[in-house]
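# Residue-level structural notes
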Amino acid sequence: MPLIQLISALAGDNELAVVVTDGLLLASGPHILYVNAAFERLTGYASQELIGASPRILQGPATSLAARKRLSKALRAGQRHSTTLVNYRKSGEPYRCAIDMFPLLTPEGELFAAVALEREAPRRRGRRPAQGGED
Ligand SMILES: Cc1cc2nc3c(=O)[nH]c(=O)nc-3n(C[C@H](O)[C@H](O)[C@H](O)COP(=O)(O)O)c2cc1C
């Protein structure tokens, strides 16, 4: 897929974590199409474990429902959205994840994919990571 080749060329060695999903906003979607090596390092998952899964695999009890809803709304509206929420590595360790999400639209305005640039955000002072981190 040309989009993935392009993003892989740009993001493959980038130290920012990069994830690309399809635009299927069904119950199980969106589905991950691509992650770079930095995303594997951030999450502890190998790309084979993530491709085809939903980024929701990273969520858990301390992930803010409100932040998820705002992200979902922006995706449906085709709007860029930045947020910080609690995610969980494969090991179960929580971390605060800063997400900058860009929906990719067709000329007709339909969502066909989305890209997110992600990095671990510093802990909030005086908070444990599982409690802090909601925007
Ligand atoms: C490109 C992309 C990357 C995403 N990355 C994450 C992520 O790293 N962590 C996370 O908790 N949610 C992430 N999401 C959001 C979830 O996939 C989902 O859209 C969000 O939980 C809202 O939908 P829901 O209310 O159905 O859960 C990402 C979404 C997209 C489109």
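Computed from a predicted model, the values in this text were never measured in an experiment. (Residues numbered from 1 in each chain as written. Predicted model: local features only at pLDDT ≥ 70, side-chain atom pairs only at ≥ 80, totals over all residues. Heavy atoms only, no water.)

## Description of the overall build of the protein
Selection rule: Helix and strand definitions follow DSSP, with helices as H or I runs of at least four residues and strands as E runs of at least two, each counted in order from the N terminus. Only the C-alpha atoms count toward the radius of gyration. The rule for a globule is 2.2 Å times the residue count to the power 0.38. With a 1.4 Å probe rolled over the protein chains alone, any residue whose accessible area is under 20% of its type maximum counts as buried; one over 50% counts as exposed, and the rest are partly exposed. Contacts: residue pairs with any heavy atoms within 4.5 Å of one another. Accessible surface is estimated by sampling points in the Shrake-Rupley manner with a 1.4 Å probe; for residues, cover comes only from the protein chains shown. All tallies of charge rest on Lys and Arg as positive and Asp and Glu as negative; His and the ends of each chain are not included. By convention, the point assigned to a charge is CZ for Arg, NZ for Lys, CD for Glu and CG for Asp.
A tally of helices and strands in the protein yields 4 helices and 5 strands. Reading the protein from its N end, one meets helices and strands in the order α-β-β-α-α-α-β-β-β. The C-alpha radius of gyration of the protein comes to 14 Å, within 12% of the 14 Å expected for a compact globule of 135 residues. Overall, the C-alpha framework of the protein stretches about 45 × 30 × 25 Å when taken along its three principal axes. Out of the 135 residues belonging to the protein, those deemed buried represent 46%. Here the analysis covers contacts within the protein between residues at least 6 apart in sequence; of these, 47% occur between residues at least 24 apart. Entry remark: accessible area of the protein is about 7600 Å², with carbon and sulfur atoms responsible for 54%. Here the protein carries 17 positive and 13 negative side-chain charges, and the mean point of each set is 11 Å from the other.

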